[in-house]
Amino acid sequence: MKITILTYLDSEDENSKEYDPVVPQVARTLRRLGHRVSVLGVHGDVKRLIAGLSRRRPELVFNLMEMFGDNVFGDIPVTGLLELLGVRYTGSGPGELYLSQDKGLTKKLLAFENILYPRYAVFSREAAFETGGNLRMPLFVKPLRSDASLGIGGKSLVHDAVALMERVAVIHRELEDSALAEEYIEGREFYVGVLGNAQPKALPPVEVDFTGFPEGVPKVMDSKAKWDERSKEYKGTRSVVASLPDELRARLQKVAVDAYRALRVRDYGRVDLRLTETGEIYVLEVNASCYLEKSSEFAMAAAASGLDYPRLVERIVNLAAERFERKR
Ligand SMILES: Nc1ncnc2c1ncn2[C@@H]1O[C@H](COP(=O)(O)OP(=O)(O)OP(=O)(O)O)[C@@H](O)[C@H]1O
Ligand SMILES: [Mg+2]
């Protein structure tokens with residue numbers, strides 16, 4: 001197949017080859033699988049995006065676009081544009097991406113399916129807050145829509161109203177996003193990858209091992225733990241394929257598939273969960289079109305289920321292609 005990998009470029013220079021490591025990994029893999037591959041990296045120029053696609057005329061776009069220019073939610077309109085251009089692409093579309101990025105809307109859909117989620121309140125920048133409820137402190141405050149643990153750190157866990165309002169103000173100001181305050185779920189953390197459309201299947205759960213985490217700090221995957229390789233938080237955590245009793249594994253996988261379906265995720269995604277001491281499973285968030293880097297939790301889980309990286313990439317291509325065939 002003639003496939004174009006669509007990706008975000010940090011720099012405005014379209015000849016920059018400084019791609020996110022996932023881009024060359026997927027490109028190499030697709031080539032090895034026998035596809036004709038090109039990479040289209042764009043920053044924030046929609047004309048270049050359209051011209052690049054018109055020139056390449058791909059049969060499928062492998063969509064790795066996470067933002068567009070300064071717009072961190074730019075992946076949504078980009079998929080909308082692909083729809084308008086009639087280009088086939090992997091992963092979720094604008095509607096699905098919107099639903100899973102808004103962690104408040106996500107919870108409303110989960111509620112209808114009786115899936116547990118932390119109780120929450122949204123503090124919008126434009127309006128008075130959406131849901132109050134009688135939330136129990138401590139609360140975890142994070143941006144409503146941003147991902148990659150942006151705005152999540154040592155001060156995210158708040159124990160009183162003053163700290164809550166301070167944190168809300170910081171998120172409004174620094175991230176230009178609404179703030180989401182939700183009940184803090186103490187417990188083990190799992191990531192469950194899901195693949196498929198008509199019959200989505202969960203991959204083996206991956207657990208975050210917090211054993212080496214510094215004492216006295218809440219055990220959460222904040223921005224340090226995810227990205228700051230020199231921090232105690234980064235060094236103190238690692239993701240491992242969980243060895244679990246069959247019954248618990250099955251329960252985690254069922255919740256993940258239910259959440260994936262509730263959010264109408266397409267092709268692939270990852271559900272982030274917490275398990276309490278009393279055995280309740282809470283959905284923290286759903287990541288449609290999650291990160292596909294070779295050492296990501298998703299790829300790790302796929303490998304544990306017998307899908308090595310080439311098979312995983314091929315599966316995503318096939319799921320997308322089949323979806324468009326059915327539509328025709
Ligand atoms: N309600 C909560 N209770 C306990 N911990 C939480 C809660 N919400 C978030 N966390 C912690 O913060 C981390 C990041 O939260 P979340 O997954 O919602 O953010 P994100 O920035 O969208 O992450 P991702 O990089 O996975 O897209 C979680 O992995 C978890 O460790
Ligand atoms: Mg997450």
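Residues numbered from 1 in each chain as written. Chains lettered and ligands numbered in written order. Predicted model: local features only at pLDDT ≥ 70, side-chain atom pairs only at ≥ 80, totals over all residues.

Colleague: Tell me about the pairing of strand β13 (residues 281-288), and please be specific about residues and values.
Modeller: Most of β13 sits out of view: seven of its eight residues are buried. Bridge count between strand β12 (residues 268-275) and β13: seven bridges; the pairing is antiparallel. Bridge assignment links leucine 273 to a residue of β13, and that residue is valine 283. The turn joining β12 and β13, which pair antiparallel and follow one another in sequence, is formed by five residues; a positive phi near 90 degrees is taken by glycine 279. (Buried ≥ 20, exposed ≤ 12 C-beta atoms within 10 Å, placed from the backbone. Helix = DSSP H or I, 4+ residues; strand = E, 2+ residues; numbered from the N terminus. Pairing = 2+ DSSP bridges.)

Colleague: Tell me about the sheet that holds strand β3 (residues 60-64), residues and numbers included.
Modeller: In a beta sheet, neighbouring strands are held together by backbone hydrogen bonds and run either parallel or antiparallel to one another. The three strands lie next to each other as β2-β1-β3, forming an open sheet whose pairing is parallel. Each end of this open sheet is capped by a strand with a single partner; those strands are β2 (36-42) and β3. Sheet twist, expressed as the average angle between the axes of neighbouring strands with direction ignored, equals 25 degrees. Relative to β3, strand β1 (residues 2-8) runs parallel, the two sharing five bridges. Counterpart to isoleucine 5 in the pairing with β3 is phenylalanine 62. (Axes fitted to C-alpha atoms, helices over the stretch in contact; angles between N-to-C directions.)

Colleague: Could you give me a rundown of helix α4 (residues 94-101), with the residues and numbers involved?
Modeller: Every buried residue of α4 is listed here: Glu96, Leu97, Ser100 and Gln101. Looking straight down α4, one finds that the buried residues subtend no more than 125 degrees of arc, so they occupy a single side. Where α4 is buried, its residues touch α3 (75-85), α5 (103-112) and β13. (Arc of directions from axis to C-beta. Contact = placed C-beta atoms within 7 Å.)

Colleague: Lay out helix α11 (residues 309-327) with the relevant residues and their values.
Modeller: With 19 residues, α11 extends 28 Å between its outermost C-alpha atoms, agreeing within 8% with the 27 Å of an ideal straight helix rising 1.5 Å per residue. Here α11 has its buried residues at Leu312, Val313, Ile316, Val317 and Ala320. Looking down the long axis of α11, one finds its buried residues gathered within 135 degrees of arc, a one-sided arrangement. Those residues of α11 that are exposed and angled more than 90 degrees off the buried face are Asn318, Glu325 and Arg326. For α11, the elements touching its buried residues are α1 (22-32), β3, β12 and α10 (297-304). (Expected span 1.5 Å × (residues − 1).)

Colleague: Residues and numbers for the site of ligand 1, please.
Modeller: Taken together, 18 residues surround ligand 1, and among them Pro118, Asp147, Ile185, Val220 and Met221 come closest. Looking at the shell around ligand 1, the elements that each hand over two or more residues are β5 (139-143), β12 and β13. Per-element accounting of the shell around ligand 1 gives the leading share, three residues, to β13. Split by residue class, the shell around ligand 1 holds nine nonpolar, two polar and seven charged. Counting residues domain by domain, the shell around ligand 1 receives three or more from each of domain 2 (119-183) and domain 3 (187-205 + 242-327). (Near = placed C-beta within 6 Å. Nonpolar A, V, L, I, M, F, W, Y, C, P; charged D, E, K, R; others polar. Domains from an automatic or database assignment.)

Colleague: Explain unusual backbone geometry to me, using residue names and the numbers behind them.
Modeller: In most cases, non-glycine residues show a negative phi, while peptide bonds are predominantly trans. Look at the link from methionine 137 to proline 138: it is a cis peptide, with omega at 0 degrees. Checked against the element boundaries, proline 138 lands in the loop between β4 (120-123) and β5. Its identity as a non-glycine residue notwithstanding, aspartate 267 has a phi of 65 degrees, on the positive side. Note that aspartate 267 resides in the loop between α9 (246-262) and β12.

Colleague: Give me the domain arrangement of the chain: which residues, what numbers.
Modeller: The assigned domain composition of the chain is domain 1 (2-89), domain 2 (119-183) and domain 3 (187-205 + 242-327). For domain 1 versus domain 3, the separation of C-alpha centres amounts to 24 Å. Each partner contributes residues to the interface: domain 1 has 12 residues there, and domain 3 has 13 residues. Breaking the side of domain 1 that touches domain 3 down by element, the ones donating at least two residues are α1 and β3. Tallying contributions element by element places α1 first for the side of domain 1 that touches domain 3, with six residues. A per-class count over the side of domain 1 that touches domain 3 returns seven nonpolar, three polar and two charged.

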